[in-house]
Number of protein chains: 2
Amino acid sequence: MARAMFEPVFKEIFPFWSEISEQDKEYICKHTLAMTYPKGSNIHGGDVCSGVIFIRSGTLRVYIMSESGKDITLYRLHAGDICVLSASCVLDSITFDVFVDAEENSECYVIGPNAFAEVSERNDNIKIFTLETAVGRFSDVMWVMQQILFMSMDKRVAIFLLDEISRTKSEVIPLTHEQIAKYIGSAREVVSRMLKYFEGERLVELSRRGVKVLDKNRLRELTL
Amino acid sequence: MARAMFEPVFKEIFPFWSEISEQDKEYICKHTLAMTYPKGSNIHGGDVCSGVIFIRSGTLRVYIMSESGKDITLYRLHAGDICVLSASCVLDSITFDVFVDAEENSECYVIGPNAFAEVSERNDNIKIFTLETAVGRFSDVMWVMQQILFMSMDKRVAIFLLDEISRTKSEVIPLTHEQIAKYIGSAREVVSRMLKYFEGERLVELSRRGVKVLDKNRLRELTL
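Please read these numbers as outputs of a predicted model, since none were measured by experiment.

So, the interface of chain A and chain B
So, point 1. Across the contact, 34 residues belong to chain A and 34 residues belong to chain B.
So, point 2. Counting the surface lost from both chain A and chain B, the interface buries some 3,300 Å², and carbon and sulfur atoms represent 77% of this.
So, point 3. Viewed at the interface, chain B and chain A are joined by zero salt bridges.
So, point 4. Remark: the boundary between chain A and chain B carries zero residue pairs in polar contact (both at pLDDT 80 or more).
So, point 5. For the side of chain A that touches chain B, the element with the most residues is helix H4 (residues 124–149) of chain A, which contributes 19 residues.
So, point 6. Of the residues belonging to the side of chain A that touches chain B, the class tally is 20 nonpolar, seven polar and seven charged.

A few points about the pattern of salt bridges
Residues and elements named next belong to chain A.
So, point 1. In total, this model carries 29 salt bridges over all chains according to the counting rule given.
So, point 2. Note that Arg-3 is salt-bridged to Glu-26, the shortest N-O span being 3.2 Å. Of the two residues, Arg-3 is situated in helix H1 (residues 2–13) and Glu-26 in helix H2 (residues 22–30); the sequence distance between them amounts to 23 residues.
So, point 3. The class of Arg-3 is buried, set by a relative accessible area of 17%.
So, point 4. By relative accessible area, which is 39% here, Glu-26 ends up partly exposed.

A closer look at the packing of helix H5 (residues 153–168) of chain A against helix H6 (residues 177–184) of chain A
Residue and element names in this part refer to chain A.
So, point 1. Contact geometry of H5 with H6 gives a least axis separation of 11 Å together with a crossing angle of 105°. As summarised for this structure, H5 and H6 are arranged roughly perpendicular, according to the angle between their axes. The residues of H6 that touch H5, namely those facing Met-153, Arg-156, Val-157 and Phe-160, are Ile-180, Tyr-183 and Ile-184.
So, point 2. Across the contact of H5 with H6, the residue classes break down as six nonpolar, no polar and one charged.

A word on the sheet that holds strand E3 (residues 52–57) of chain A
All names here are of chain A.
So, point 1. One open sheet holds the four strands; their spatial order is E1-E8-E3-E6, and the pairing between them is antiparallel. Among the strands making up the open sheet, the edge pair consists of strand E1 (32–37) and strand E6 (82–83).
So, point 2. As paired strands, E3 and E6 are joined by two bridges and run antiparallel to one another. Note on E6: the bridge partner recorded for Ile-53 is Cys-83.

Overview of the environment of Val-157 of chain A
Residue and element names in this part refer to chain A.
So, point 1. For Val-157, the position within the fold is in helix H5.
So, point 2. Considered as a pair, Val-157 and Glu-118 are 39 residues apart in the sequence and their alpha carbons are 46 Å apart.
So, point 3. Setting aside chain neighbours within four positions, we find Val-157 in contact with Ile-184, Met-194, Leu-195 and Phe-198.

Topic: the side chain of Arg-76 of chain B
Residues and elements named next belong to chain B.
So, point 1. With respect to the element layout, Arg-76 can be found in strand E5 (residues 71–78).
So, point 2. A polar atom in the side chain of Arg-76 sits 2.9 Å from the backbone oxygen of Gly-200.
So, point 3. Only 3.4 Å separates the side chain of Arg-76 from the side chain of Glu-201, close enough to count as a polar contact.
So, point 4. Each residue touching Arg-76, except ones within four places of it in the same chain, is listed here: Thr-59, Leu-60, Arg-61, Asp-81, Glu-103, Gly-200 and Glu-201.

Considering helix H3 (residues 113–122) of chain B
All names here are of chain B.
So, point 1. Turning to H3, its buried residues number three or more, namely Pro-113, Ala-115, Phe-116, Val-119 and Ser-120. The arc enclosing the buried residues of H3, seen along the axis, measures out at 165°, which places them on a common side. For H3, the exposed residues set more than 90 degrees away from the buried face come down to Asn-114 and Glu-121.

Rules used in this analysis
In every chain, residue numbers begin from 1 and rise along the written sequence. Starting at A for chains and at 1 for ligands, labels are handed out in the order in which the entities are written. Only residues with pLDDT of 70 or above have their local features reported here, since the model is predicted, and side-chain atom pairs are shown and tallied only from 80 upward, although totals for entire chains, interfaces and linings are computed over all residues. Based on all heavy atoms of the structure, the side-chain values leave hydrogens and waters out of the count. Any two residues having at least one pair of non-hydrogen atoms within 4.5 Å are treated as being in contact. Two parts placed together each lose some accessible area under a 1.4 Å probe, and the buried area is that loss summed for both. We count a salt bridge whenever a side-chain nitrogen from Lys or Arg sits within 4 Å of a carboxyl oxygen from Asp or Glu. Polar contacts, as used here, are pairs of N or O atoms within 3.5 Å; protein pairs need one atom able to donate a hydrogen and one able to accept it. Residues neighboring in sequence count only if both atoms are side-chain atoms. Helical segments are the DSSP runs of H or I of at least four residues, strand segments are the runs of E of at least two, and each set is numbered from the N terminus. Residue polarity follows a fixed list, in which Ala, Val, Leu, Ile, Met, Phe, Trp, Tyr, Cys and Pro are nonpolar, Asp, Glu, Lys and Arg are charged, and the others, Gly among them, are polar. Per-residue accessibility, obtained with a 1.4 Å probe over protein chains only, is compared with the maximum for each type, and a residue is labelled buried under 20%, exposed over 50%, and partly exposed between these values. An axis is simply a line fitted to the C-alpha atoms; with a helix, the fit covers only the stretch in contact. Between two such axes, the angle follows the N-to-C directions and lies from 0 to 180 degrees. Angular relationships are summarised with four words: roughly parallel below 35 degrees, roughly antiparallel beyond 145, roughly perpendicular across 65 to 115, and oblique for the angles in between. The pairing criterion is simple: DSSP has to find at least two bridges between the two strands. It is the directions from the helix axis to the C-beta atoms that the arc portrays.

Structure below.
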């Protein structure tokens, strides 16, 4: 029964599905739960091993948190994405902890970590898939780290946006990313990616008309 | 000939060596170079794909760099370690660039990226090994990121050390890591790891007598 429910989806999302045995397919499905997480709820935290989370709908936010409760968004996951850092017990080489919250009402399939680890042990293709997914996130995290640690781009883009809206008395800045990049002396790709990050943080809204500032106060905090 | 030189080492360091074909062994050895890098030289930079580097002796420093030239140490590699981020072209999921310098005179074996990638394609065990090595570094990087981004531990430890040497007029602080952790309200593991990081940066020297401050000025910079 569990198999009839989950297999059609797993067949789509897991490149290794066709290569594992019937028993392993059965075993994974048997240890999968269909979960609905309400907006704002915490799904995974600290050193618990929650399992591999597949997002059917909604948005999850993956972040790290300091002892004082300050948090930094590493990346967001949307429908179709898979979260493996929530199953760090499956990956021996991962020794750090992340938190995962539902940022919207989210439907997920969660594969139990022990079942996933056990089946991984028998199937190199699962191992490769899981590791590749983790390494892909490594790249996202490095990007955030570079931008924030070097205290340049988030600040510079935020300052530019605030200056513009105060100058033009309008919350919409009708410039292309290319133009903004020229103003602040950076590359278009960098500005686009930072604006997309700001959009994820609900600081701005991007459209063909340009950049609309949604939250002046939080944007200002970035410039301090 | 190349094989006679490299194989005894590769057999030791690569868990997959016994599982790949004779031709693949031959091919990897044929595309390996024995390199000696003088202290201070840059070995790998930016988006070049230098290959997989095995460190026979010496120390390599892996870091990221901002446009303005500011750099942050991610981790160090010593004799016996393997650097795969210098072969990011082998790992599709890695989309960021790191720099690698020789911090001491270092002898390395460098496997050409194309040969390594080609043989990887045929051998899942090589893929798993390379990905696992990369994910292990991900954990190191997350640690550095957490400590620095949250602006807590590096600053707090540096402030404590400077206060102590100014208070006691001695450059050696005869306290255990446990004691220091208690003073600054943190965990021993965190303090030990940060002190080890400082030692790598030549800011302090650790011994059974305690912590000796080597570079007051650079330590002070951390507290600003």
